[in-house]
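# Topology and contacts: notes
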Amino acid sequence: MNKALSITKSTLGIIIAILIIIFIKEYTYININFLLFSALFSILIITNIKDYIMKNKIQLNNIYNILSIITFSIIIIIFLRTLYDPNLIYNSSNYVNQVKERFINSNYLDELKWYNTLYLYQNLLYFLVLLTSLLIYRKINMEKQKSKYNIVTLTCLIISICTIMPSISLTSDNHSIFKYIIFNTLLIGTEIYRLIKDNHKKYEWPIYISFIFNTFAIVMIICNLILA
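Since this is a predicted model, take the numbers as computed values, not measurements.

This paragraph deals with the overall build of the protein. Broken down by element type, the protein carries 9 helices and 0 strands. When the helices and strands of the protein are placed in sequence order, the string is α-α-α-α-α-α-α-α-α. For the protein, buried positions account for 40% of its 228 residues. Put simply, 75% of the contacts in the protein that link residues at least 6 apart link residues at least 24 apart. Just so you have it, the protein exposes about 13500 Å², and 67% of that area is on carbon and sulfur atoms.

As structure tokens, this is what we get:
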């Protein structure tokens, strides 16, 4: 059972890698979230290969494999819809043919591509959370006998990553702007508290990365206020 799950997980990972390559060739709209997703996915695949070569027990962990399969399946479905679902405008051959007949300017088709891209990009944030959660779950289970990770700092890390894009999109007339500032400030305060409380007893790299994301979020909010 566990070997079958491991093989299924690896197969789905290969499919995602192929779909990423197809998407990059077909679409030219690549943003920072897509780069982060590609980087996290690459890290996850590398760790899976490492686990297989070193025969780490995590590769036969049923829960980890099932979570990976569910995550990979969700990602594959979104990519397949973006690339091939005829219900999306750019993938509808009939609609595209009508556009070609009515509009001489082919740039209009590029605009239609953008709508397909938006469908994928609005789900990238969830992909980042899912992949990050998988990596954290793997790391905790690899060292569960004497875990040096604190659940609070790991939670702050995931939340901090999730707040980047909303912070960038905020404008000066957005009523949520001060809520985001307070929210990020509270995150930084929590991280400082954990840094002092753990005092090198736990891994500190999640806190430092969270600092970077929180600080970047606050800077983007302030920039939006100044430039508005």
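As enumerated under the stated definition, the model contains 1 salt bridge in all. Between R138 and D51 there is a salt bridge whose closest N-O contact spans 2.8 Å. Of this pair, R138 sits in helix α5 (residues 107–142) while D51 sits in helix α2 (residues 32–54); the two residues are 87 residues apart in sequence, bridging distant segments of the chain.

Moving on to the packing of helix α1 (residues 2–26) against helix α3 (residues 62–84). Axis angle and axis distance: for two packed helices, these are the angle between their axes and the distance between the axes, and together they describe the pair. Where α1 meets α3, the axes come as close as 9 Å, and the angle between the chain directions of the two elements is 25°. Taken together, the axis directions place α1 and α3 in an arrangement best described as roughly parallel. Once α1 is placed against α3, the crossing between them reads as left-handed.

Moving on, we get to the nonpolar core. Formed by 30 residues in total, the largest nonpolar core has its most connected members in F37 and F79. Elements with a minimum of two residues in this core: α1, α2, α3 and α5. The element contributing the most residues to this core is α5, with 9 residues. Filtering out sequence-adjacent residues up to four positions away, F37 remains in contact with I16, I20, I75, F79, L124, F127, L128 and L131.

All right, on to the side chain of S68 then. Along the chain, S68 falls in helix α3. A polar side-chain atom of S68 sits 2.8 Å from the main-chain carbonyl oxygen of Y64. Among all residues touching S68, those that are not within four sequence positions of it are K9 and L134.

How each quantity is defined
- Residues numbered from 1 in each chain as written.
- Predicted model: local features only at pLDDT ≥ 70, side-chain atom pairs only at ≥ 80, totals over all residues.
- Heavy atoms only, no water.
- Helix = DSSP H or I, 4+ residues; strand = E, 2+ residues; numbered from the N terminus.
- Buried < 20%, exposed > 50% of the residue type's maximum accessible area, 1.4 Å probe, protein only.
- Contact = heavy atoms within 4.5 Å.
- Areas by Shrake-Rupley, 256 points an atom, 1.4 Å probe, with all protein chains shown as cover.
- Salt bridge = Lys/Arg side-chain N within 4 Å of Asp/Glu carboxyl O.
- Axes fitted to C-alpha atoms, helices over the stretch in contact; angles between N-to-C directions.
- Parallel < 35°, antiparallel > 145°, perpendicular 65-115°, else oblique.
- Left-handed = near helix turned anticlockwise from the far one by under 90°.
- Core = buried A, V, L, I, M, F, W, Y, C linked by side-chain atoms within 4.5 Å.
- Polar contact = N/O pair within 3.5 Å; in protein donor to acceptor, adjacent residues only side chain to side chain.

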